[in-house]
Amino acid sequence: MENVLYPIFLFVFGSSIGSFLNVYRYRYPKSISVIYPRSFCPKCKEKIPWFFNIPIISWFLLMGKCNFCKSNISFQYPLVELLTALLLTLNIFAIPHLSSNYYVNLIGLTFFSSLLIAASLIDLDNLVIPNNLLIFGSLSGLIFNLITRKIYFGENFFTIIYKYLLLSFIFLILFEVFNFIISKIIKKDAFGFGDSKYLFMISTWLGIDGALFTFILSIYIGGIISILLILLRLIPRKGKIPFGPYLSISAYIIGMIGSDKVTILFKNFYSIG
């Protein structure tokens, strides 16, 4: 019975998180608090009652229109809620490497996944990842590892700080040097500073190995997806493409299976070793 309840709970919880991320996505560029006022229609400003604010379901009940002014409600809202619900439910099958305790690993990965989705949505809309989200995500990653690495792996405080904070700063600096060199070669910005800070946040969760393989994997994923989008004429060939979502996809994969499995995948792909 528990095996059935876990995915149901995570799906419902994930759809609620997705609903909150929709609010954050809408309000961030307008500098509106995510706490107050409560949900309202962007057109007529009427407050949305709770029974019309049920994740995924309400959009279909309202047939994609506001109950008051009948203006269209973007399908992106239920899509984000569904995607978040599915990804958080998939976390059940993750290899527990954030923590040797399955449930602690699940909680950490669920929190981490939510941060990745939030960063991706804002980057897609605004070509920027908010500093407050990156700071919050970095602090939460560091705190999570301080607790779990001490309890479940027996590491001391200074070792954890070295692995998840100091090395993250070193990775940030090295990535910026790499970015500077590549930008000089191609004579345009290769990656934004937001991508560097985002990788720093990812490193506080996954460690420097996880951040490095996140970047490498994102090059492959980003290249394939970008080429497909250009061929389908969904994005301009010379337009600026947000890199944050590709980093998020890669970080989610690393979070699910671990950097060791990705290393094996690359070795097998290139027949190395």
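Scroll up for the structure.
Residues numbered from 1 in each chain as written. Predicted model: local features only at pLDDT ≥ 70, side-chain atom pairs only at ≥ 80, totals over all residues. Heavy atoms only, no water.

A short note on the overall build of the protein
The secondary structure content of the protein amounts to nine helices and zero strands. Moving toward the C terminus, one meets the helices and strands of the protein in the order α-α-α-α-α-α-α-α-α. Against the 2.2 N^0.38 benchmark of 19 Å for 273 residues, the protein shows a C-alpha radius of gyration of 20 Å, consistent with a compact globule. With the principal axes as the frame, the protein shows a C-alpha extent of 60 × 50 × 35 Å. A total of 273 residues make up the protein; the buried ones form 43% of that total. The contacts of the protein with a sequence gap of at least 6 include a subset with a gap of at least 24, amounting to 66%. When the accessible surface of the protein is summed, it comes to about 15800 Å², and 71% of that surface belongs to carbon and sulfur atoms. (Helix = DSSP H or I, 4+ residues; strand = E, 2+ residues; numbered from the N terminus. Rg over C-alpha atoms; globule rule 2.2 N^0.38 Å. Buried < 20%, exposed > 50% of the residue type's maximum accessible area, 1.4 Å probe, protein only. Contact = heavy atoms within 4.5 Å. Areas by Shrake-Rupley, 256 points an atom, 1.4 Å probe, with all protein chains shown as cover.)

Some points on helix α3 (residues 76–90)
The terminal C-alpha atoms of α3, which comprises 15 residues, lie 21 Å apart, in line with the 21 Å expected from a rise of 1.5 Å per residue. Listed as buried for α3 are Pro78, Val80, Glu81, Thr84, Ala85, Leu88 and Thr89. For α3, the arc enclosing every buried residue in end-on projection is 160°, short of the 170-degree limit, so these residues lie on one face. (Expected span 1.5 Å × (residues − 1). Arc of directions from axis to C-beta.)

Section: the packing of aromatic side chains
On inspection of all chains with the given rule, the structure shows 24 aromatic pairs. Aromatic side chains Phe243 and Tyr246 sit 6.0 Å apart centroid to centroid with 75° between the ring planes, which places their arrangement in the edge-to-face category. You can call Phe243 buried: its relative accessible area is 13%. Ring-pair connections join several aromatic residues into one group, and the members of that group are Phe171, Phe175, Phe178, Phe191, Phe215, Phe243 and Tyr246. Sitting over the ring of Tyr26, Lys30 keeps its end group 4.2 Å from the ring centre. Across the ring face of Phe153, the terminal group of Arg149 is positioned such that the distance to the ring centre comes to 3.9 Å. (Phe/Tyr/Trp six-rings, centres within 6.5 Å; stacked < 30°, edge-to-face > 60°. Lys NZ or Arg CZ within 6 Å of the ring centre and 35° of its normal.)

As for helix α9 (residues 259–270)
A rise of 1.5 Å per residue sets the reference length of α9, with its 12 residues, at 16 Å; its end C-alpha atoms lie 17 Å apart and thus fit the reference within 8%. By the burial criterion, the buried members of α9 are Ser259, Val262 and Phe266. All buried residues of α9 lie within an arc of 55° about the axis, which places them on one face of the element. Across α9 from its buried face, at more than 90 degrees, point the exposed residues Asp260 and Asn268.

Concerning the packing of helix α5 (residues 131–153) against helix α6 (residues 157–186)
Two elements in contact, α5 and α6, have axes whose closest approach is 10 Å; the angle formed by their N-to-C orientations is 140°. Considering their axes alone, α5 and α6 lie oblique with respect to each other. The two elements α5 and α6 cross, and the hand of that crossing is right-handed. On α6, the residues touching Leu142, Asn145, Leu146, Arg149 and Lys150 of α5 are Phe157, Ile160, Ile161, Lys163, Tyr164 and Leu165. A class-by-class count of the residues in the contact of α5 with α6 yields seven nonpolar, one polar and three charged. (Axes fitted to C-alpha atoms, helices over the stretch in contact; angles between N-to-C directions. Parallel < 35°, antiparallel > 145°, perpendicular 65-115°, else oblique. Left-handed = near helix turned anticlockwise from the far one by under 90°. Nonpolar A, V, L, I, M, F, W, Y, C, P; charged D, E, K, R; others polar.)

Concerning the nonpolar core
The biggest cluster of nonpolar side chains holds 44 residues, and the ones touching the most others in it are Phe112, Leu133, Tyr198, Leu199, Met201, Ile202 and Leu206. Sort the elements by how many residues they give to this core and helix α7 (residues 193–231) lands first, with 11 residues. (Core = buried A, V, L, I, M, F, W, Y, C linked by side-chain atoms within 4.5 Å.)

Regarding the state of the cysteines
Within this structure, the stated rule accounts for zero disulfides. With no disulfide of its own, Cys44 lies 3.7 Å from the sulfur of Cys41, the closest cysteine sulfur. By relative accessible area, Cys44 is classed as partly exposed at 28%. The closest cysteine sulfur to the non-disulfide-bonded Cys69 is located on Cys44, 3.7 Å from its own sulfur. (Disulfide = S-S within 2.5 Å.)

Section: the packing of helix α4 (residues 102–126) against α7
Running from N to C, α4 and α7 point in directions that differ by 175°, and their axes come no closer than 12 Å. Overall, the two elements α4 and α7 adopt an arrangement that is roughly antiparallel. Taken together, the residues of α7 that come into contact with α4 (itself represented by Gly108, Phe111, Phe112, Leu115, Leu116 and Ala119) are Tyr198, Met201, Ile202, Trp205 and Leu206. Of the residues that constitute the contact of α4 with α7, the class distribution is 10 nonpolar, one polar and no charged.

Focus on a nonpolar patch on the surface
Taken together, the side chains of Ile135, Leu139, Ile143, Ile147, Ile151, Tyr152 and Phe153 make up a nonpolar region of the molecular surface, amounting to roughly 670 Å² of accessible area. Within the secondary structure, Phe153 is located in helix α5. (Patch = residues over 30% accessible without salt bridge, like charges linked within 9 Å, V, L, I, M, F, W, Y side chains within 5 Å. Salt bridge = Lys/Arg side-chain N within 4 Å of Asp/Glu carboxyl O.)

Focus on unusual backbone geometry
Omega for the bond connecting Tyr36 with Pro37 falls within 30 degrees of zero, at -5°, which places this linkage in the cis form. Positionally, Pro37 belongs in the loop between α1 (2–27) and α2 (57–61). Here the phi dihedral of Ser31 falls at roughly 55°; this positive angle occurs in a residue that is not glycine. Within the element layout of this structure, Ser31 appears in the loop between α1 and α2.

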